[in-house]
Amino acid sequence: MTTDCVVYAADGLAEWTDLEAARDAEGTTWVRVTDPTDEELDSVADAYDIHALEVEDVRGDVRPKVEEFDEHTFVLVKAATLQRGDVAFAEELHVQQVGLFLGDDWLVTVEPERIEALDDVWERVHREEPRLASRGADFTAYRCLDRVVDDYFSILDDIEDDIEVVEDEVVDAAGEDVLERINDLRRDLLSVRRLLWPTREAVGVLARGDPEQIGEDAEKYYRDVYDHLVQLVDLVETYRDLTSGARDIYLNALSMSTNDAMKKLTVVATVILPLTFVAGVYGMNFEYMPELAWQYGYPAVMVGMGAMALILVAYFRREDWV
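Thresholds applied
Residues numbered from 1 in each chain as written. Predicted model: local features only at pLDDT ≥ 70, side-chain atom pairs only at ≥ 80, totals over all residues. Heavy atoms only, no water. Salt bridge = Lys/Arg side-chain N within 4 Å of Asp/Glu carboxyl O. Helix = DSSP H or I, 4+ residues; strand = E, 2+ residues; numbered from the N terminus. Buried < 20%, exposed > 50% of the residue type's maximum accessible area, 1.4 Å probe, protein only. Patch = residues over 30% accessible without salt bridge, like charges linked within 9 Å, V, L, I, M, F, W, Y side chains within 5 Å. Areas by Shrake-Rupley, 256 points an atom, 1.4 Å probe, with all protein chains shown as cover. Lys, Arg positive; Asp, Glu negative; His and termini not counted. Charge placed at Lys NZ, Arg CZ, Asp CG, Glu CD. Pairing = 2+ DSSP bridges. Axes fitted to C-alpha atoms, helices over the stretch in contact; angles between N-to-C directions. Contact = heavy atoms within 4.5 Å.

A few words on the pattern of salt bridges. Within this structure, the stated rule accounts for 16 salt bridges. Among the salt bridges present, the one from R59 reaches D42, with a minimum N-O distance of 2.9 Å. Of this pair, R59 sits in helix α3 (residues 52–59) while D42 sits in helix α2 (residues 38–47); the two residues are 17 residues apart in sequence, bridging distant segments of the chain. You can call D42 partly exposed: its relative accessible area is 33%. In this structure, the salt-bridge partner of R223 is E219, at a minimum N-O distance of 3.7 Å. Here R223 pairs with E219, and both are found in helix α8 (residues 216–282), just four residues apart, close to one helical turn. Because the salt bridges share partners, they merge into one network encompassing R32, E111, R114 and D119.

What follows is the structure, encoded as structure tokens:
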């Protein structure tokens, strides 16, 4: 486990090791807990009066949500990255739970492992822009949520690039692997959609300023995150329509290819059918068939069969079948 604690006060940013003292210190406190054991997480929960049910939600795999308690607000979101390579579908969209416990002047974040989105905010607060923490714990929590949501845009950008490639492949040469890639994209989009909808609902609670810990000045920032999530949901629906269109184009191209093959086979069968009939008639070799004794019977039959074939081919060519 890694526990980092900073307090921003009037005299600047300072690191603390005593979590309980940091909670009561003057200024804005941010406690960042990474990869905790059960005992360590319980210790942090005791220091900041975090309910056992909240701890259970952080440990488990539950949908994003917001819950209000007497002294703080619990926000659960999910950081996501899109993994590439020969992996199972369940591992393509890698999701990690992030718990944010927001008090009046303190913020506790819990991560199962270090998450790049929170790393970026931590670096900006800790080194580059410590004044961000001076704007309150609610603003710091906003920066964390905003950075997590920004990663969703990166995921959809990657999916959009894949959709463009698949659309080109469907038009140029539709192979069996193209349909498999289309189905993979649809599954990825479904996973992203399942992630975005509850996240939008949770951030909507914060954007309305329902929790006491969200100040009026911070509400507009949460509304901006909410607007981003609405945009993301719209993008997912648009991309699902695009993948559905690409699948329809693939199926139509496959159907047209099948129809073309069937048309050619029909032409061949139609040309061969009368020839087979003639060959079958004269192949009976009955004793009193008059043509059997004719000197020019064989060449006459062959010429007749060739003429029938040429006439049928000419007819099908005129009808654009061949």
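Additional details are given in the paragraphs that follow.
Further remarks concern a negative patch on the surface. Among the surface-exposed residues, E68, D70, E71, D104 and E212 lie close enough to one another that they form a single negatively charged patch. Considering the arrangement of structural elements, one finds D70 in the loop between β4 (65–68) and β5 (73–82). For D70, a relative accessible area of 72% gives the class exposed.

This part is about unusual backbone geometry. In this structure, D35 takes a positive phi of about 50° despite not being glycine. For D35, the position within the fold is in the loop between β3 (28–34) and α2.

What follows covers the sheet that holds β5. The sheet built from seven strands is open, its strands ordered β2-β1-β3-β7-β6-β5-β4 with mixed pairing. Either end of the sheet is taken by a strand with one partner, and the two such strands are β2 (12–15) and β4. In this sheet, neighbouring strand axes are inclined to one another by 20° on average, regardless of whether the strands run parallel or antiparallel. As defined by bridge partners, strand β1 (residues 2–9) adjoins β2 across four bridges and the pair is classed as antiparallel. Bridge pairing links Y8 to L13 in β2. Most of the contacts of α3 go to strand β6 (residues 93–102), to which it runs at about 160°, and overall it touches β4, β5, β6 and β7 (106–111).

Keep in mind that these numbers describe shape and distance, not what the molecule does.
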